[in-house]
Amino acid sequence: MSESSFQDDVLGELGDDKLTEIAGLLGTDADGARDTVAATVGAMTGDLQQKADADDDDGNEVRQAFAEVTEAPLEGVATLGGGLGGLLSGGMMAGVLAKVSKPVANAVSKKTGIPAPTIARVIELLIPVLLAVFAKRAAAGKGGAGAGAPTAAGGESAIPSPGAVPGAAGAAPAAPAGGGGLGDLLGQILGGGKK
């Protein structure tokens, strides 16, 4: 089911160690950290979706960044490999996320009362996790692997999905599906939270 929200995926990818680190930063417990991460991720994805829908330079940049994320698994598994080295070093999405981090930190700060610089530090910890979740969702969307994709950012999709079509070879469809391709993929990557 697609009820696995984007926030849930981020929390799952984050793991207990990073969540504990964030809780320490915030001066709260794991539940408080979870709530703050969910609010922050919700604000970031909402801002990204809003920018992607805009017909301006920011919108173009966000759409290009998502296109890059969706193409990365097809260019070679080595790009994502054992981490996010390729995606972090030159990826547009990392830059886009960094760009939205200040307004998001301010918005989450107003909503939660947590100082904006603290939220900004939480966002710094979340950016690599967001990139991993974007890549996994993009790979699942292209390969039809579904929500239970293996853990290596879509790169380990050598395990055939239960509904795999023989001869489809995992990530074979290189073109976005249908006429609304990127819009549909954005919805899938961001969790389909249509506002």
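The model shown is predicted, which means the values in this text are computed figures rather than measured ones.

Definitions and cut-offs
- Residues numbered from 1 in each chain as written.
- Predicted model: local features only at pLDDT ≥ 70, side-chain atom pairs only at ≥ 80, totals over all residues.
- Heavy atoms only, no water.
- Phe/Tyr/Trp six-rings, centres within 6.5 Å; stacked < 30°, edge-to-face > 60°.
- Helix = DSSP H or I, 4+ residues; strand = E, 2+ residues; numbered from the N terminus.
- Buried < 20%, exposed > 50% of the residue type's maximum accessible area, 1.4 Å probe, protein only.
- Salt bridge = Lys/Arg side-chain N within 4 Å of Asp/Glu carboxyl O.
- Expected span 1.5 Å × (residues − 1).
- Bend = angle between axes of the 7 residues up to and from the residue.
- pLDDT = per-residue confidence, 0-100.
- Contact = heavy atoms within 4.5 Å.
- Polar contact = N/O pair within 3.5 Å; in protein donor to acceptor, adjacent residues only side chain to side chain.
- Axes fitted to C-alpha atoms, helices over the stretch in contact; angles between N-to-C directions.
- Parallel < 35°, antiparallel > 145°, perpendicular 65-115°, else oblique.
- Left-handed = near helix turned anticlockwise from the far one by under 90°.

Scanning the entire structure with this criterion turns up 2 aromatic pairs. Relative to phenylalanine 134, the ring of phenylalanine 66 has its centre 5.3 Å away and its plane inclined at 65°; by these criteria the two rings are edge-to-face. In this pair, phenylalanine 66 is assigned in helix α3 (residues 57–75) and phenylalanine 134 in helix α7 (residues 116–143), connecting sequence segments 68 residues apart. This pair shows no difference in class: phenylalanine 66 is buried, exactly as phenylalanine 134 is. Grouping aromatic residues by their ring pairs yields a cluster made of Phe6, Phe66 and Phe134.

Moving on: the pattern of salt bridges. Counted by the stated rule, this structure contains 6 salt bridges. Put simply, glutamate 13 and lysine 136 hold a salt bridge, and the shortest N to O gap is 2.5 Å. With a gap of 123 residues between them, glutamate 13 in helix α1 (residues 6–26) and lysine 136 in helix α7 connect regions that are remote in the sequence. As a salt-bridge pair, aspartate 31 and arginine 34 come within 2.8 Å of each other at their nearest N and O atoms. A residue pair is termed a helical-turn pair when its members lie 3 or 4 positions apart in one helix, as aspartate 31 and arginine 34 do in helix α2 (residues 30–53) at 3 residues. According to the relative accessible area criterion, arginine 34 is partly exposed, its value standing at 32%.

Its 21 residues place the ends of helix α6 (residues 92–112) 29 Å apart at the C-alpha level, agreeing with the 30 Å of an ideal helix rising 1.5 Å per residue. Maximum bend of α6: about 40°, positioned at serine 101, with proline proline 103 one to four residues after it. Among all positions of α6, only Met93, Ala94, Val96, Leu97, Val100, Ser101, Val104, Ala105, Val108 and Ser109 are buried. Residue glycine 113 follows α6 closely and has a positive phi angle near 85°.

A word on the confidence of the model for the protein. Put simply, the protein has an average pLDDT of 72, and 61% of its residues get 70 or more. Mean pLDDT across the elements of the protein bottoms out in helix α4 (residues 77–80) (38) and peaks in α1 (94). Low pLDDT, under 50, characterises residues 73–90; the stretch is placed with 26 contacts to residues that sit more than four places away or in other chains. In this model residues 144–181 is a low-confidence stretch, pLDDT under 50, and it forms 27 contacts with partners more than four residues away in sequence or in other chains.

Turning our eyes to something else, we now look at the environment of leucine 19. Structurally, leucine 19 can be placed in helix α1. Note on leucine 19: relative accessible area 6%, which makes it buried. Not counting chain neighbours up to four residues away, the residues in contact with leucine 19 comprise Leu11, Leu14, Ala30, Ala33, Arg34 and Val37.

As a further point, take the side chain of threonine 45. With respect to the element layout, threonine 45 can be found in helix α2. Among the polar contacts listed, one links the side chain of threonine 45 to the backbone oxygen of glycine 42, at a separation of 3.2 Å.

Put simply, α2 and α6 touch, their axes get as near as 9 Å, and they point 125° apart. By the angle between their directions, the pair α2 and α6 is classed as oblique. Here α2 runs over α6; the crossing is right-handed. Of the residues in α6, those in contact with Ala39, Thr40, Ala43, Met44, Asp47, Leu48 and Lys51 of α2 are Val96, Leu97, Val100, Val104 and Val108.

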